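Now for the letters of each chain:
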Amino acid sequence: MPGPGSSKAPSFSGEMSELLEFLELFKDLAASCGLTDVDKCKMITKRFWVTLMGYESRDFGVFKTNIVGQYPGAAKGARYTIRDLERVILNTVESDVSTEMELVQYYRQFCPIAVWLVANSKISERKRDHYFWQGLPHSARLAIAQ
């Protein structure tokens, strides 16, 4: 198991919407390394987390539940707003996408937010497509239209 801070170790930035993803990545990595609950608890070293119930007893299920309980709304996972999508669009338009790799990067940033917004009835599929098109620089839209 890579040590905390290693580039190969899952990391948690403190952003509530990333907590469940971090814990899932940690669980998968721990399983692939054959870690026990005791080992898993030892590997989580966030200063505040070690004060939570389940850490001392090395009961990872209880520990994980208490971690998630400290972040209101984290149990729902990632949540996005239309403003999040607009931010991605504005950043892309301003950067003037000119290579295939830049287009793929835009798609990777756009997709998770747009999929969540459609799945949660925040925008329609038609509006999603409209937003995607608007995120492309004018020169790219012209090239695609030709």
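As shown above, the structure is provided for reference.
This is a predicted model, so every value here is computed, not measured.

The rules behind the values
- Residues numbered from 1 in each chain as written.
- Predicted model: local features only at pLDDT ≥ 70, side-chain atom pairs only at ≥ 80, totals over all residues.
- Heavy atoms only, no water.
- Axes fitted to C-alpha atoms, helices over the stretch in contact; angles between N-to-C directions.
- Helix = DSSP H or I, 4+ residues; strand = E, 2+ residues; numbered from the N terminus.
- Parallel < 35°, antiparallel > 145°, perpendicular 65-115°, else oblique.
- Left-handed = near helix turned anticlockwise from the far one by under 90°.
- Contact = heavy atoms within 4.5 Å.
- Core = buried A, V, L, I, M, F, W, Y, C linked by side-chain atoms within 4.5 Å.
- Buried < 20%, exposed > 50% of the residue type's maximum accessible area, 1.4 Å probe, protein only.

Asks: Help me out: how do you make sense of the packing of helix 5 (residues 100–119) against helix 6 (residues 125–135) in this one?
Replies: Direction vectors running N to C along helix 5 and helix 6 enclose 160 degrees, while the axes themselves pass 10 Å from each other. Between helix 5 and helix 6, the angle is such that the two are roughly antiparallel. Seen from above, helix 5 lies across helix 6 with right-handed handedness. Along the contact surface, helix 5 presents Tyr106, Tyr107, Phe110, Ala114 and Val118, while helix 6 presents Glu125, Arg128, Tyr131, Phe132 and Gly135.

Asks: Sorry if this is basic, but what is going on with the nonpolar core here?
Replies: The nonpolar side chains of soluble globular proteins are, as a tendency, buried together. Counting residues in hydrophobic clusters, the biggest one holds 15 residues, and the most contacted among them are Leu19, Phe22, Ile44, Trp49, Phe63 and Ile67. Among the secondary structure elements, those contributing two or more residues to this core are helix 1 (19–32) and helix 3 (60–69). Ile89, Tyr106, Phe110 and Trp116 belong to the second largest nonpolar core, which has 14 residues in total.

Asks: When you look at the environment of Leu23 in this model, what are you seeing that I'm missing?
Replies: Among the secondary structure elements, Leu23 is positioned in helix 1. You can call Leu23 buried: its relative accessible area is 0%. Remark: the alpha-carbon pair of Leu23 and Lys64, spanning 41 residues in sequence, is separated by 7.9 Å. Leaving out residues up to four positions away in the same chain, Leu23 has contacts with Lys64 and Val68.

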